[in-house]
Every structure is written in C-alpha cells, then in structure tokens.
Amino acid sequence: MAEVDGEFTAFVNERGAALLRVAYALAGNQHAAEDLLQNALAKAYARWPRIRGDAEPYVKRILYHDQVSGWRRRARRPEVPLAELPERAATGEDDSDLRLLLRDALRALPPRQRAVLTLRYLEDLSVEQTAALLGCRTGTVASQSAKALAKLRQLVPGLDERTSRAEVTR
C-alpha cells in the first residue's frame, strides 16, 4: 500500500498543476476547478492499482465526465452575469484585455460547450478523440464547437481580427 501511495503522490506532484489548468478551463473558476480536480484524484486513487501506463489521460477523462455530469444533474444553472462589453476593444500590444474578455465569455458558455472547446483547442484533440472522451458522436462535437465559437464571437466583438493580428506579430 505504501508503494501505491508513493506512486500516486509522485503523479500528483508531477502533473497536478497541468491537471488544475485543465480543470480551470472546464470549471471557469479556481474554487470549482480545485473541487473538480480533487474529486477526480479521489476517484483515480481508488482505482490506482488497476491503472496501467500513463494515468494522466485517465484522470482527464474523469475531469471531463464529472464536469459534464455536473451540469446534467442540475435542473437549472445559475445565470452568469457579465459586464457590458465595450463597443471598441483596446488596441494595445498587451493581450491581457482579450484574455479577460475571453475568460468571461468562456464562463458564459454551457459546460458541455466549454468542455468541447477545452478538449479541441487547449488539449489539441481531434473531433474523434473529443467525441470518444465525452461519450458522444463526432457530429455533436462539431455542432457544439461551432455553437461555442459563434457565441464567443458574439460576446467578444472583433475576436477574429484581434487573434489573427496577434498571430502575425508572434
């Protein structure tokens, strides 16, 4: 048992920060991300002796499933208030204003759409891999991704122009 504890502790110490970033992208805030990750790690610990190979994909799958299951269980999601967005975005070299706008816009998305965007663009998974992880069809991933991106463009005016400009300057 001490060997299992040591392996698990080493895994958490090594990959905990990366897993917390994924959980934050899914949950939308630090406290919910910490709770989501803690629950996922508790589930992984219970099955640790049976996990073969790299445990990170296994824990990430728990994160994605727990996040999606959480919104399914709730009869109603609380409304997420958003500040009124400025008509014109600031045009500075610093992209922190864009990051803040995107963070708020991501929080406004339903959890399933947020999960799809996290898997597709943060984790850089294919449509097929995302569908397999979420337990849905590839068409669902594509439609949820399209809806989420359309909503982001609606919530963050000029997003396409600003991101293409940022890619050119990098």
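Residues numbered from 1 in each chain as written. Predicted model: local features only at pLDDT ≥ 70, side-chain atom pairs only at ≥ 80, totals over all residues. Heavy atoms only, no water.

1. Digging into the pattern of salt bridges
Summed over the entire model, instances satisfying the criterion amount to six salt bridges. For Lys60, the salt bridge identified is with Glu123, shortest N-O distance 2.7 Å. Here Glu123 lies in the loop between helix H5 (111–122) and helix H6 (127–134) and Lys60 lies in helix H3 (residues 56–73), a separation of 63 residues in the sequence. A residue is classified by how much of its surface remains accessible, and Lys60, at 15% relative accessible area, is buried. Residues Arg107 and Asp104 are paired through a salt bridge, measuring 3.9 Å at the closest nitrogen-oxygen approach. Of this pair, Arg107 and Asp104 both sit in helix H4 (residues 96–108), three residues apart, which is roughly one turn of the helix. A residue is classified by how much of its surface remains accessible, and Arg107, at 27% relative accessible area, is partly exposed. (Salt bridge = Lys/Arg side-chain N within 4 Å of Asp/Glu carboxyl O. Helix = DSSP H or I, 4+ residues; strand = E, 2+ residues; numbered from the N terminus. Buried < 20%, exposed > 50% of the residue type's maximum accessible area, 1.4 Å probe, protein only.)

2. Points about the packing of helix H1 (residues 2–27) against helix H2 (residues 30–47)
Contact geometry of H1 with H2 gives a least axis separation of 9 Å together with a crossing angle of 140°. Judged by the twist between their axes, the crossing of H1 over H2 is right-handed. Contacts between H1 and H2 involve Asp5, Phe8, Phe11, Val12, Gly16, Leu19, Leu20, Ala23, Tyr24, Leu26 and Ala27 on the former and, on the latter, Gln30, Ala32, Ala33, Glu34, Leu36, Leu37, Leu41, Ala44 and Tyr45. Its residues assigned to classes, the contact of H1 with H2 shows 16 nonpolar, two polar and two charged. (Axes fitted to C-alpha atoms, helices over the stretch in contact; angles between N-to-C directions. Left-handed = near helix turned anticlockwise from the far one by under 90°. Contact = heavy atoms within 4.5 Å. Nonpolar A, V, L, I, M, F, W, Y, C, P; charged D, E, K, R; others polar.)

3. A closer look at the confidence of the model for the protein chain
The share of residues in the protein chain with pLDDT of 70 or more is 78%, and the mean pLDDT across the chain is 82. Across the protein chain, element-level confidence peaks in H2 with a mean pLDDT of 93 and bottoms out in helix H8 (residues 159–169) with 54. With pLDDT under 50 throughout, residues 165–170 is counted as low confidence; its partners more than four residues away or in other chains account for two contacts. (pLDDT = per-residue confidence, 0-100.)

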